[in-house]
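Next come the chains, spelled out residue by residue.
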Amino acid sequence: TYDYSNYNSEDFIAYVSQSFRNYGSYADGSNVTMRNSQFEDYQTKLVMAQKWNDCNSTEANFQYYEGKDIGIPGTGTAPIPAAADLTYPAIRRGMINLTHTYNPDFTYYKQAIFNVYYQYIDRRAELDNFPSVSPMDQVDPGANHYTYGTKWQNDIEWENHKIITGIDVWERQLESFR
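For clarity, every value in this text was computed on a predicted model and none was experimentally measured.

Caption draft 1: Representation of the overall build of the chain in the model. Secondary structure assignment for the chain yields zero helices and eight strands. When its helices and strands are written in sequence order, the chain yields β-β-β-β-β-β-β-β. Expected size for 178 residues packed as a compact globule is a radius of gyration near 16 Å; at 23 Å, the chain overshoots this value by more than 25%. In terms of overall dimensions, the chain has a C-alpha envelope of 75 × 35 × 30 Å along the principal axes. Out of the 178 residues in the chain, the part that is buried amounts to 26%. Sequence-distant contacts, at least 24 apart, represent 55% of the contacts inside the chain between residues at least 6 apart. Carbon and sulfur atoms make up 54% of the accessible area of the chain, which totals about 12,200 Å². Side-chain charges in the chain split into 14 positive and 23 negative, and the spacing between the mean points of these groups amounts to 2 Å.

Dropping the structure here:
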């Protein structure tokens, strides 16, 4: 299921979308069920942009995704027993992005873009359903990813040349556990 709505005028844009999917394990071309291929997820996206004047505009973008009980089917060729199930019981991703664009009315200096953003991903995995002779019952690894950043870009045109200058700075953190 997917739906969206938008609004736009001469100086303002708003867009929102939402999706939801829920599927059981699928059957292949021979009608054999691919065990542990189920998933359920949804996502939301919201974008708003404002044109302040002929030279300045700002855009905000928000995204959120969440998945539950996402099976990762396998054939037993990996170093995991064929009977074991690898599943994402929960996974989430969120992003916030804010961009301001300046388009001056200068001969050479064409555009400046300033952007800041934050994104997180949290991922939980579950490895279970081991054969009864296995020394393990279940393994629960996971990770949290965090990225913060900013970017400043300047576009300059001179005769037949285009020069792009700027700076892009980010920090990514990863916390993982088993």
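Moving on from the coordinates now.
Caption draft 2: How the structure looks around the sheet that holds strand 7 (residues 142-158). Strand order across the open sheet formed by eight strands is 1-2-3-4-5-6-7-8, with antiparallel pairing between neighbours. Strands at the two margins of the open sheet, each flanked by one partner only, are strand 1 (2-8) and strand 8 (161-177). Going from strand to strand, the sheet's axes swing by 5° on average, the running direction of each strand aside. Alignment of strand 6 (residues 109-128) against strand 7, held across 15 bridges, turns out to be antiparallel. Note on strand 7: the bridge partner recorded for tyrosine 120 is tyrosine 146.

Caption draft 3: Seen up close, the packing of aromatic side chains. One pass over the structure, following the stated rule, counts seven aromatic pairs. A ring pair is formed by tyrosine 118 and tyrosine 148, whose centres lie 5.0 Å apart and whose planes are at 40°; its orientation type is tilted. Of this pair, tyrosine 118 sits in strand 6 while tyrosine 148 sits in strand 7, and the two are 30 residues apart along the sequence. For tyrosine 118, a relative accessible area of 25% translates into the label partly exposed. Taken together, Tyr2, Tyr4 and Tyr15 form an aromatic cluster joined through their ring pairs.

Caption draft 4: Representation of the pairing of strand 3 (residues 39-51). Two elements, strand 2 (residues 12-23) and strand 3, share twelve bridges in a ladder whose sense is antiparallel. From the neighbouring strand, asparagine 22 faces strand 3, where its bridge partner is glutamate 40. The pairing of strand 3 with strand 4 (residues 56-72) spans twelve bridges and is antiparallel. Following the sheet pairing, glutamine 43 is matched in strand 4 by tyrosine 65.

Quick notes on the rules
- Residues numbered from 1 in each chain as written.
- Predicted model: local features only at pLDDT ≥ 70, side-chain atom pairs only at ≥ 80, totals over all residues.
- Heavy atoms only, no water.
- Helix = DSSP H or I, 4+ residues; strand = E, 2+ residues; numbered from the N terminus.
- Rg over C-alpha atoms; globule rule 2.2 N^0.38 Å.
- Buried < 20%, exposed > 50% of the residue type's maximum accessible area, 1.4 Å probe, protein only.
- Contact = heavy atoms within 4.5 Å.
- Areas by Shrake-Rupley, 256 points an atom, 1.4 Å probe, with all protein chains shown as cover.
- Lys, Arg positive; Asp, Glu negative; His and termini not counted.
- Charge placed at Lys NZ, Arg CZ, Asp CG, Glu CD.
- Pairing = 2+ DSSP bridges.
- Axes fitted to C-alpha atoms, helices over the stretch in contact; angles between N-to-C directions.
- Phe/Tyr/Trp six-rings, centres within 6.5 Å; stacked < 30°, edge-to-face > 60°.

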